[in-house]
Structure formats: structure tokens, C-alpha cells
Amino acid sequence: MKHLLTSTFLAIFSAMVSFASTADYNIVPKPHNIVLLPYEGVELDSSFTIVYPYGNEKLKRNAELLSEYIQCLTGLCLNLSTNDTESKSIILTDTLTDRNTEAYRLSVDNRTIHIDGASPAGNFYGIQTLRKSIDANNDGKVRFPAVRIYDAPSFPYRGAHLDVSRHFFPTDSVKKFIDVMALHNVNRFHWHLTDDQGWRLEIKKYPRLTQIGATRKGLHIRRNTDDTDTVTYSGHYRQDEVRDIVRYAAERHVTVIPEIDMPGHMLAVLASYPELGCTGGPYKVWTRGGVSDDVLCAGNDAAIRFIDDVLAEVVELFPSEYIHIGGDECPTVRWKECARCQERIRQAGLDNDSLSTAEQKLQNYVMAHASATLASYGRRMIGWDEIIDGGLFPGCTVMSWRGTEGAVKAAAMGHDAILTPATICYFTASQTEDRKNEPYAVGGFLPVRKVYEFEPTSEVDPKAQQHIIGTQSCLWSESLLDLPQALYQSLPRMAALAEVQWSDPAQKDYGNFAARLTGLCNHYRRLGLPFGTHIFDVQGSLEADSAGGSLMLTMHTADNHPIRFTLDGTMPTPQSPVYDSPLTIDRSTVVNARVFRPSGQSRLYTDSVTFGKSTFRHIDLLTSPARKYTVPPMTLVDGLFGGNGFDTGRWMGFEGTPLIATIDLGKTDTVSGVDLHTFVSTSTWIFDTDNIKVELSTDGKTFTTVYDNTFNLPETHESGIRLHSVAFSPAKARFVRVTAGCVTEIPMWHTAGKGKPAFLFVDEIMVK
Ligand code: ACM
Ligand code: ZN
């Protein structure tokens, strides 16, 4: 008996130690073509060797990185070799013939794993795929099923931007960021090195740029105020550190594109060299956000020399074909007043015309000069889309951030363009609507799904689509103090954009992506990378079925883990029912749902429906909502409240026009009141209603007013959701007409909107 127990134990133990996890090639970004083959594949263990071609230094470095990845994920320590007769091996080559130089083929048979790239970069992406196919939750041996994968990126420019001016990221943080890019097959690092709040790049000819321009008095950047803390905040990269980062990036097949933002966003320069500004200063390195009126004096020859001198050192440091020279948000108020700038306008013949002002042309005079300087070094420029405003010039590539129009225009005119529309690519926005429980975020709500669904060329004429060279995420660091914060904002949205940048758009499928993302998030955990877990919360939707007079509740979570829910307002527990198919909701209900995973419980999903006399009754809207805020009239009687944000789809918005609607209760009933909510945010011109009137009728023709009340306008800014609960003497009625007045003239204390019509937002009319 004892003997039997021991041998059973040994059998279990040996099964445990020889247990191999199985690789899954369904990774992010999705490879273009995966064909699983009907034989066993290989089991990777420590007897494997990574083989690279003798003398190929780039593949040797790839091999070293692959060895590090494998060791970090599995604990297996593989040797490197140039002997391709090794029996068990991962073979790296770069001999694939393919039009796409970043393509690779990954083949697994019963003996070897072979990654053949069309270049060392292509080989590196095959390595990333191999690495991500390993289950990051397991150590030890890995079984790789036999497979043939062919893969190549959709776009050549796959960027990630990091602003190191507003907050400084030390070299180690920058390297980690580059590692994260590599994990996502992102190959262009847009390094925003200079801005009003700090110049971060050592320039030998202008030492004060980093002696003065890299330091400010204040850690925090607040948008609309100069009030800040008194922390002395400083940081810059020495040229040897820059070279080290450029080399580090190149080993990971990432090209570093530095941005020297000009002629705006230059207060750090002016603080260092006040003579380069129109007024001569004094200036200081800014401690606030926003756009400064003080910019480079475009009429000053010394300022033009400054640009040339800086770019001369920049091209020495950065081998990239592209150098970004900014061009965004450059006010022209100083230039209008500056004698030197006006003289430059005269001398260069920069006249106002129907497309551009003389000052906009002056901006492009500066940009075209910098572009020509770069061209003299065999380089090309990228500029933000404002460069279109002053007329495009030869050789410029446009980075479109104010929407996609800039790229569409540039491509139509035969210029290359990169898409970074702020509403999709600025990862400083919040990953959830629940902003109370999130780090401070700027730019609204930007869920992973919205990034995933981005189609960069959808608005571009097919003939011009080849000019859309790619897309890029941007991390502006006013609100990001360090790398963990930057990564939290970036992940997993970078994965969604990676799929847009790399994968075949014809295979787009969010559910499929979300399932694959689970595996990548395990890699994030393994690598200690902070990331937003919102997609693992319950994503619920309560949609009105107007015909059926009910609502449909659907719920989903990225990894399809069971969702536990209640419909009675109590908190779900691990014993609550599991959601398995859409539910019909036809009475007042509070939905609460949550996922319980071994790693912990998700955030609570909660929503509610309130049924009353008027819910799902016929409604006639007698006035028109604002075009942008039109929702179906049924929205006002679907039992759903609007929620926190006028753009949830549950609020109807009016501009200067009252809401007037008649609800047919279907039969005569006793009514005694009406409830309605308004969404108020006077700073964005959304005011509360200024008048509510209720009229009743039994025949739909003759109405009697039972309530009519006018409200005072506010005298200061207000925001929030207001409940208007109107009561009147009970009366018989079948038709209830409700009027909610909209402020037609915003009061005088409101500096931006005074005298203009306000918006009115209403979510629901509940007859009681
Ligand atoms: C930008 O966001 N100012 C490019
Ligand atoms: Zn000037």
C-alpha cells in the first residue's frame, strides 16, 4: 500500500514537472494567416538552441532578445549558435522574399521552429509572435503546435508618441516604453522633446536650453491657471544618453523620430534666449498648460539660425529619415505686432489671400525653411496638420490630430500623412465613463473598442490611400507624471491600435480581438506593466425594443468569464445566477452584475429601468432637437435615465428651442405629476430648463394647462443632473403634453456664451 501511494505520488509529480503549456498563435496583433498543421509540433525545453546566420549581427541581437524573452517567460535558458545542424532549434533567418520588408513566416514542424523574415525587422516581428503565443501564466516547457504563419503589417508607419516635456521620463523609462512598443509591433517612437514646459534635449551650441529651459518651478501642469506648487522640476537627456536610446530602439526595430516643436510651444527656448522672441521677454518656462501667445520671432534672423543650428545637431543624433518639427498651435498675435515679423512678411511677399492670412503663411515660411534645412541633410519633415493652413510645401508629411481632415486633404494633394486624430489616438482620455475612480484624464471617454474600430483610410479617396502611411497613439504628459501612469493610459488601447496598424482590416472582429487580448494582458501582468482592466468588467447594454414595449439587457466581458447578476437591486455574489443570453426587461428593475475571477472581482456594472404610466407609450415630438443631439423620440419614454454625460445616447438635446412632446397613455387614466431630468453644464452652454408646462387632454385636441412654472436663470456656473418633479391636482387624461423651455439667451455673466442660445438636455418624461 505504501509502495502504491509513493508511486502514485511520483507519477503525479513527474506529470507536473513535465507538464508543458500549449502555445496559442491567436495573439495581438492578429497575424494575417495562420494554418495549423496536422502533426504534433515541438515541445520547447532547455535542450533547444537558437540558431542565427554566422556574421549576421542584427539576427544575432534578435536571437539574444528572443533568448531573454523565453527565459523571462518560461525560465528556460537557451543557448545561441550559428550551427544550423543543431537537432532541436529555433532557426532565425532573413531570407524571405516578400514585397513587404517587415513580413515574416513562422513555421513549426516536429523538430524545429523557423522564423524567416523579409528583413531583420520582419524576423523580429516573428519573434514577437512566438513570444506572445506562449502562455504567460505558466513557467517551464511549451508545446508549439505545428503551424505555418504568414504575416506582414498593413501600414509601414506604426507609431507611439511620448511627451517628455510636460513631465520628464528618465532614460530607463523611455527604454521600457520602447520595449512595450516592440511587444505591439510598433516601429516609430515619436519623442516629443521640447515644449513650453521644458526643453529636454542637450544642444551643444545653445547650452542655456538645458541650463535654463529644462527647469520650471512647479511639478504639476494645470490647464487654465498659473497657480501651481513650488517644486523645482527639471530633467533633460545628454547627447550620449540620446545615442544610447536610439541604439536601444534600433535593436528593437524602432526608429526614433524626435520632435522639435516650432515656431509655437517654445517658451522654454525663449526663457533661455529671450532675444529669440518678438517682445524680448522676460519669459519663463511655463508651469501651466494650454497655448502660449509668446512664440519664436519669425522675423529675427537669429531665430532662423537657431532652427538651423538645432537641426544640425538633431540630425547628428537621430538617423531617422523623418524629423518632426511640430507646427501646431502657433498663435500669431505677437507677429501681428512685431515690426521684424511684419518686415519679413513684406520682404517674402506673404500676402493675405482667401485661403491663408499673411501670418499663417509666415508660419509656413518658418516650417518650409526648416524642411529645406532637413532636406539638405537628406531628411524629411513631419508637421502637425496646422501646416496645411498656410499652404502645403514640397516634401512635407502631415500628422493629422485635429480630426482626420488634415490627412484626407494632404493625401488628396499627394502628400504622405499619418493619422493621430485626438478623439481616437490621444490615450490621455479616460478608459471609462466612471471618471471618479480613475486617475485624472484629459479628453473625454475613449474606450478600447473605439480605438479598435478606427479605420484610417475610410475617408480617403482610394487613389490617395497609399499616402496614408500609418497611424499613431499620443501620450501628452500634462497629466502623466511617470511611466506607470503613462502605461496605464496606454494599455490596452495600444493593443487595439496595434491591430489597426498591423492586422488585416478584412478580418476585423471586436469579440475575437477581446478574446485574444486576454492572453496579451497576461503578458502585461508577467512583465509588471500597469494597464486598464475595464474591458474585463461587465460591458452591459440596455436597449429599448420600442415595438415590444420592453428592453433587452445584454452583457459581455472580454474573456467570456461567467457574469453573475441580480435584478432586484442586491449585490451579486459568486452564487448569483449566471448570465447566458439576452434578458427581456419589462418592469422596473435594477440590474447589478459582476465577474468573479480567481484574480479578484470586477467592478460593478449597474443600470436601472423605471416603468411608469408613460413608459413605451406613443410620443409625438412637436419641436426639433439639435441635429447633433437627435435621438429617437422613444428615448424620452424608454424607462432609462440619461447617466453622467450628455453624450451617452440617452439624452435628447435642444439648442434655443423648447422641448414640446405629447404622450398618448393609450387610455384615460388619473394623472397627478410629471418627472423629468435635465443635464446641466453651463460652462459648456448647457442650461437647465427655464420653464415647465404640463397640459392634459382626453381627446388629443383640447388641452388644459395644469402646471406652468418659470425658473430663474443661474448667476454662476452650475453642473449636474437636475430632477424636476412636477405635481398637480389629480385629473383624468389620456394625452399629456409637456413643454420644457430652453434658455434662448445665455445671461451676461457667461463670458463665452452671453446672448447666444443655450442647450437643453432631457432624458426621460415620466408621467405619474
Ligand atoms: C497637439 O495636440 N497640439 C498636436
Ligand atoms: Zn517677431
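Keep in mind the model is a prediction, meaning the values are calculated, not measured. (Residues numbered from 1 in each chain as written. Chains lettered and ligands numbered in written order. Predicted model: local features only at pLDDT ≥ 70, side-chain atom pairs only at ≥ 80, totals over all residues. Heavy atoms only, no water.)

Here we have three strands laid out as an open sheet, ordered β23-β24-β26, and antiparallel in their pairing. Each edge of the sheet is formed by a strand with only one pairing partner; in this case those strands are β23 (539–545) and β26 (583–585). Adjacent strand axes in the sheet meet at a mean angle of 30° when their direction is disregarded. For strand β24 (residues 550–556) and β26, the ladder comprises three bridges, and the chain directions are antiparallel. (Pairing = 2+ DSSP bridges. Helix = DSSP H or I, 4+ residues; strand = E, 2+ residues; numbered from the N terminus. Axes fitted to C-alpha atoms, helices over the stretch in contact; angles between N-to-C directions.)

This part is about the pattern of salt bridges. Evaluation of the coordinates by the stated rule reveals 36 salt bridges. Salt-bridge contacts for Asp-163 lead to Arg-166; the nearest nitrogen and oxygen are separated by 2.9 Å. One connected set of salt bridges, linked through shared partners, spans Arg-61, Glu-64, Lys-175, Asp-179, Asp-244, Arg-247, Glu-251 and Arg-252. (Salt bridge = Lys/Arg side-chain N within 4 Å of Asp/Glu carboxyl O.)

What follows deals with the confidence of the model for the chain. On average, residues of the chain score 94 in pLDDT, and 97% of them reach the 70 mark or higher. Contacts of residues 1–16 to residues separated by more than four positions or lying in other chains number zero contacts, the stretch itself having pLDDT below 50. (pLDDT = per-residue confidence, 0-100. Contact = heavy atoms within 4.5 Å.)

This part covers the nonpolar core. Core analysis: the biggest nonpolar cluster contains 119 residues, and Phe-177, Phe-189, Trp-191, Trp-199, Leu-201 and Phe-318 have the highest contact counts within it. Top contributing element to this core by residue count: helix α8 (residues 301–317), with eight residues. If near-sequence neighbours (up to four positions away) are discounted, Leu-201 is found in contact with Leu-193, Thr-210, Tyr-237, Val-242, Ile-260, Val-314, Leu-317 and Phe-318. (Core = buried A, V, L, I, M, F, W, Y, C linked by side-chain atoms within 4.5 Å. Buried < 20%, exposed > 50% of the residue type's maximum accessible area, 1.4 Å probe, protein only.)

Turning to the coordination of the zinc ion (ligand 2), a few remarks are in order. Protein-derived coordination of the zinc ion (ligand 2) comes from Cys-278 (SG), Cys-297 (SG), Cys-338 (SG) and Cys-341 (SG), at a distance range of 2.3 to 2.4 Å. Note that the zinc ion (ligand 2) binds four donor atoms; their angles at the metal cover 107 to 112°, and the shape is tetrahedral. If you list the donors of the zinc ion (ligand 2) from N- to C-terminus, the spacing comes out as C-x18-C-x40-C-x2-C. Of this pair, Cys-297 sits in the loop between α7 (267–272) and α8 while Cys-338 is found in the loop between α9 (333–337) and α10 (339–347), placing the two residues 41 residues apart along the sequence. Accessibility classification places Cys-297 together with Cys-338 in one group, the buried group. (Donors = N, O, S within 2.8 Å, 3.2 Å for Na, K, Ca; no water. Tetrahedral: all angles 85-135°; square planar, octahedral: opposite > 155°, others 65-115°.)

Further remarks concern the packing of aromatic side chains. In the structure shown here, the tally under the stated rule is 27 aromatic pairs. Three or more aromatic residues joined by ring pairs make a cluster, and in this case those are Phe-168, Phe-177, Phe-189, Trp-191, Tyr-237 and Phe-318. Looking at Arg-252, its charged tip hangs above the ring of Tyr-248, at a distance of 3.6 Å from the centre. A cation sits over an aromatic face here: Lys-508 above Tyr-452, 5.4 Å from the ring centre. (Phe/Tyr/Trp six-rings, centres within 6.5 Å; stacked < 30°, edge-to-face > 60°. Lys NZ or Arg CZ within 6 Å of the ring centre and 35° of its normal.)

Here we take up the layout of surface pockets. Roughly 390 Å³ of volume is contained in the second largest pocket. Forming the walls of the second largest pocket are 21 residues, and the residues nearest its centre are Glu-102, Ser-119, Pro-120, Ala-121 and His-253. Those elements that place two or more of their residues in the lining of the second largest pocket are α2 (57–74), α3 (120–133) and α6 (239–251). Here the residues of the lining of the second largest pocket are counted per class, giving six nonpolar, seven polar and eight charged. (1 Å grid on protein atoms, 1.4 Å probe; cavity = no way out; pocket = protein on both sides within 12 Å on 5 of 7 lines; lining within 4 Å. Points joined across faces, edges and corners; volume = space filled by probe spheres on them. Nonpolar A, V, L, I, M, F, W, Y, C, P; charged D, E, K, R; others polar.)

Below, the discussion takes up the state of the cysteines. Here a disulfide denotes a covalent bond joining the sulfur atom of one cysteine to the sulfur atom of another. On inspection of all chains with the given rule, the structure shows zero disulfides. Free cysteine Cys-396: the closest other cysteine sulfur is in Cys-330, separated by 16 Å. Cys-396 gets classed as buried once you look at its relative accessible area, which sits at 2%. (Disulfide = S-S within 2.5 Å.)

We now examine helix α4 (residues 171–183). Along its 13 residues, α4 runs 19 Å from first to last C-alpha, staying within 8% of the 18 Å computed at 1.5 Å per residue. Within α4 the residues assigned to the buried category are Ser-173, Val-174, Lys-175, Phe-177, Ile-178, Val-180, Met-181, Ala-182 and Leu-183. Looking one or two residues beyond α4, the residue adopting positive phi is Asn-185, at roughly 60°. (Expected span 1.5 Å × (residues − 1).)

Most of helix α15 (residues 483–490) is tucked away, with six of its eight residues classed as buried. Along α15, the positions that sit buried rather than exposed are Leu-483, Ala-486, Leu-487, Tyr-488, Gln-489 and Ser-490. In this structure, the buried side of α15 is in contact with β11 (157–163), α4, β22 (468–475) and α16 (493–502). Two or three places before Gln-485, at the opening of α15, Asp-482 has a side-chain oxygen 3.1 Å from that residue's backbone nitrogen. (Polar contact = N/O pair within 3.5 Å; in protein donor to acceptor, adjacent residues only side chain to side chain.)

The next subject is the side chain of Ser-119. Checked against the element boundaries, Ser-119 lands in the loop between β8 (112–117) and α3. Residue Ser-119 is classed as buried on the basis of its relative accessible area of 15%.

Reading across from one edge, β1-β9-β3 is the order of the three strands in this open sheet, with mixed pairing throughout. Each end of this open sheet is capped by a strand with a single partner; those strands are β1 (21–22) and β3 (42–44).

Across the interface, α2 lies against α3 with an axial gap of 10 Å and an inter-helix angle of 10°. One element, α2, and the other, α3, form an angle in the roughly parallel class. Of the residues in α3, those touching α2 at Lys-58, Leu-59, Asn-62, Leu-65, Leu-66, Tyr-69 and Leu-73 are Pro-120, Asn-123, Phe-124, Ile-127, Gln-128, Leu-130 and Arg-131. Split by residue class, the contact of α2 with α3 holds nine nonpolar, three polar and two charged. (Parallel < 35°, antiparallel > 145°, perpendicular 65-115°, else oblique.)

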